[in-house]
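# Observations on the three-dimensional arrangement
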Amino acid sequence: MQTTSDVLIIGGGIIGLAIAVELKLKQRQLQVTVLSRDFAQAASHAAAGMLAPHAEQIAPGPMLELCLASRWRYGEWVEKLAQLTGMETGYNPCGILSPVFEAPHGNAPNISSNPWLDRETIRHYQPGLGEDVIGGWWHPDDGQVDNRKLISALRQAAQSLGVRIQEGVTVQAIAQRHGQVTELLTDQGSFQADTYVLANGSWAKELLPLPVFPVKGQMMALRMPAGTHQPYPLQRVLFGPQTYLVPRRDGRLIVGATSERVDWEPHNTPQGIQTLLSRAIRLFPALADWAIEDFWWGFRPGTPDELPFLGYGPCDNLVLAIGHYRNGILLAPITAVLISDLILDRNVPPLIKAFSPQRFFTPNPPVLPCRPMTAVFPSVANPSLPHAAENVADSEDLLEIAGRKFHSRLMTGTGKYPSLTTMQDSVASSGCQIVTVAVRRVQTNAPGHEGLAEAIDWSTIWMLPNTAGCQTAEEAIRVARLGREMAKLLGQEDNNFIKLEVIPDTQYLLPDPIGTLEAAEQLVKEGFAVLPYINADPLLAKRLEEVGCATVMPLGSPIGSGQGIRNAANIAIIIENAKVPVVVDAGIGTPSEAAQAMEMGADAVLINSAIAMAANPVAMAQAMGMATQAGRLAYLSGRMPIKNQANASSPLTGLVV
Ligand SMILES: Cc1cc2nc3c(=O)[nH]c(=O)nc-3n(C[C@H](O)[C@H](O)[C@H](O)COP(=O)(O)OP(=O)(O)OC[C@H]3O[C@@H](n4cnc5c(N)ncnc54)[C@H](O)[C@@H]3O)c2cc1C
Ligand SMILES: CC(=O)[C@@H](O)[C@H](O)COP(=O)(O)O
């Protein structure tokens, strides 16, 4: 199935829905579709709904301006939604009180334009505060909205305006060509549009290599007892130290929230709930006796600088509206206005500039200078071959993979090096032109992989992203897609190569043949040049070739074992039958083993550990480069036949007697 729209929005949380509604309000005839995996998992559902730029102590600057602009619009915005739907949103500009347990320091954030209340005065504003509260700030313009009611109203408004909301659809990949998104691949067919908006909150990184990460927040709700003089004991939000209490008009008290970097670890935990309760009771002791109604958790979309990404992303027709972290409910109206202006007018509103995704997408990534090679090791980067060999190993003897040609037949990796500079120097001294990079490790900045992607000059080295760390076909497919984006971001627009590794076995790192075949079939369909890492199984190699893989990469022996070529007979059969290049990958421990693979007729070798773990990696890299060339030259030269008996080297005729 293929479905087309003018604008396709990925994510049906508050940001996606608010943008959809705003687009329709500005241009009724626009066809807008929202693809939403699961509304219940959205942070928008989990949030407390505070509209709290001041209570959150956002420092003066573009972020505070953005937040204030959004808070300023809130009343009008929810009124518009109410008119469209007849639904109420629980918007309540009730002000926020920020009690503190310690006197603020001189360098506390500048929120002093709002009044400071001393110990006694703050208790006039809110009776029943805990003994430890020594005073606090009053933020009269902050407020709250019932985010769950708001979302229902937004959905209703969107539908009444003709937005197509497709719930239960997961976008699996953003297909791109020449800097344009061409379609979205989903679990329910493909979708096309003129403009695409990424608004899928914490999950952005599943589709693009963006620095967006989940920050878990655990929450709970209590039931406030109705009082005699006023309906409930709390009328306005209390934003205390590391905790907040948000009283809803219907008598629920929202208590939040933990802030945890635990990846996607789900559930409420005893520790989390205990933390919430003890902080809340310290702030407002009476709630210790109130009924508990509910617990839940959600994931805030965090970014390294705690600012959202608003604006055009890595493609001309892809807009990002993600990373709203702790303030997405507050920022929804202004995000909707700015993003819809951007899409419809192509003007970059001034307010949005500080949030440009370009602060992350550096078109020319910094390249660390490679240190010059030491004089001891003559360069093999542009090797000069002996004259006699030039006929057989001249510039025509190129390695060709998926239509791309390479002089070098050695591929190297980036892991296990003692330092980045050693890795850079080794890559240079090996003379290789293809370097494989573990997408997952680079993305997560795993130890030893920090800054790695930027450390290589990708204008001279072809990137071979690999799916190391993937145990299933599904994982590998997802990581492959990220790999393609990573290569693009690093300047290789047309790089569709992927070294496919599906490795469930953690002891020997042996690949899963069935998972590899499944993933390869799918990735080939998606336009990847697939280089699958496999056991040396000739039948599997043939099947992979038949489904359209660009090479096959049989292992010599387990990855990182340095055992050399333990399955030469099977590799020989693969080489004999293959119509695609055969790359012997993994286990090569010495230059002689690299040469052996090449002499057997392999088209290339991939070597990582033996170089990175050598006492002198730079020298070993050079040796491996030379051995690969020597092996290739030997293969092309044709070895002498093996005989059972000696055969004297000098002529037997004309002997002096
Ligand atoms: C505990 C907690 C308390 C908070 N309190 C406040 C607060 O008081 N005030 C405030 O302003 N902000 C608050 N926030 C932050 C706010 O909730 C978020 O910033 C905001 O909800 C982000 O909205 P979003 O639409 O970008 O993402 P989300 O609301 O997370 O929505 C993203 C949607 O995208 C969908 N999706 C993901 N991947 C895909 C895919 N591949 N295909 C299709 N759909 C996909 C998801 O299923 C989800 O429905 C809080 C957040 C949490 C977790
Ligand atoms: C980096 C990489 O792709 C390795 O997984 C590859 O298989 C090389 O293996 P060695 O480290 O044994 O050379």
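Provided above is the structure to which this section pertains.
This structure is a prediction, so every number in the text was calculated from the model and none was measured. (Residues numbered from 1 in each chain as written. Chains lettered and ligands numbered in written order. Predicted model: local features only at pLDDT ≥ 70, side-chain atom pairs only at ≥ 80, totals over all residues. Heavy atoms only, no water.)

## Some words on the site of ligand 1
Not every one of the 40 residues close to ligand 1 is listed here, only the nearest: Gln-41, Ser-44, Tyr-325, Arg-326 and Leu-330. Between Ile-15 and ligand 1, the recorded distance is 3.1 Å, taken from a backbone N or O atom to an oxygen atom. The separation between an oxygen atom of ligand 1 and a polar main-chain atom of Ala-43 is 2.9 Å. Its free accessible area being 1,000 Å², ligand 1 has 99% of it covered by the protein chains. Elements that contribute at least two residues to the shell around ligand 1 include exactly α1 (14–26), β2 (32–36), α2 (43–46), β12 (213–223), β16 (291–302) and α7 (328–345). Ranked by residues supplied to the shell around ligand 1, first place goes to β16 with four residues. Each residue belonging to the shell around ligand 1 can be placed in one class, and the counts come to 21 nonpolar, 15 polar and four charged. (Near = heavy atom within 4 Å. Polar contact = N/O pair within 3.5 Å; in protein donor to acceptor, adjacent residues only side chain to side chain. Areas by Shrake-Rupley, 256 points an atom, 1.4 Å probe, with all protein chains shown as cover. Helix = DSSP H or I, 4+ residues; strand = E, 2+ residues; numbered from the N terminus. Nonpolar A, V, L, I, M, F, W, Y, C, P; charged D, E, K, R; others polar.)

## Notes on the environment of Arg-279
Inspection of the secondary structure puts Arg-279 in helix α6 (residues 270–283). When residues no more than four places from it in sequence are discounted, the contact partners of Arg-279 are Gln-242 and Thr-243. (Contact = heavy atoms within 4.5 Å.)

## Let's talk about the packing of helix α3 (residues 62–85) against helix α5 (residues 147–160)
The angle between the axes and the distance between the axes are what describe a pair of packed helices. Contact geometry of α3 with α5 gives a least axis separation of 9 Å together with a crossing angle of 55°. If you check the angle between α3 and α5, you find them oblique. The two elements α3 and α5 meet at a crossing, and its hand is left-handed. Side by side, α3 and α5 meet where Tyr-74, Trp-77, Val-78, Leu-81, Leu-84 and Thr-85 of the first sit next to Leu-150, Ala-153, Leu-154, Gln-156, Ala-157 and Ser-160 of the second. In terms of residue class, the contact of α3 with α5 is made up of nine nonpolar, three polar and no charged. (Axes fitted to C-alpha atoms, helices over the stretch in contact; angles between N-to-C directions. Parallel < 35°, antiparallel > 145°, perpendicular 65-115°, else oblique. Left-handed = near helix turned anticlockwise from the far one by under 90°.)

## A short note on the packing of aromatic side chains
Counted under the stated rule, the structure contains nine aromatic pairs. Centre to centre, the rings of Trp-462 and Phe-497 are 5.5 Å apart; their planes meet at 80°, and the pair counts as edge-to-face. Separated by 35 residues along the polypeptide, Trp-462 in strand β23 (residues 462–466) and Phe-497 in strand β24 (residues 497–500) bring together distant segments of the chain. Pair check on accessibility: Trp-462 and Phe-497 agree, each one buried. An aromatic cluster is present here, built from Tyr-74, Trp-77 and Tyr-91 joined pairwise through their rings. Here the basic side chain of Arg-148 rests over the ring of Trp-296, its NZ or CZ set 4.6 Å away from the ring centre. Positioned above the aromatic ring of Phe-101 is the side chain of Arg-282, whose terminal nitrogen or guanidinium carbon lies 3.8 Å from the ring centre. (Phe/Tyr/Trp six-rings, centres within 6.5 Å; stacked < 30°, edge-to-face > 60°. Buried < 20%, exposed > 50% of the residue type's maximum accessible area, 1.4 Å probe, protein only. Lys NZ or Arg CZ within 6 Å of the ring centre and 35° of its normal.)

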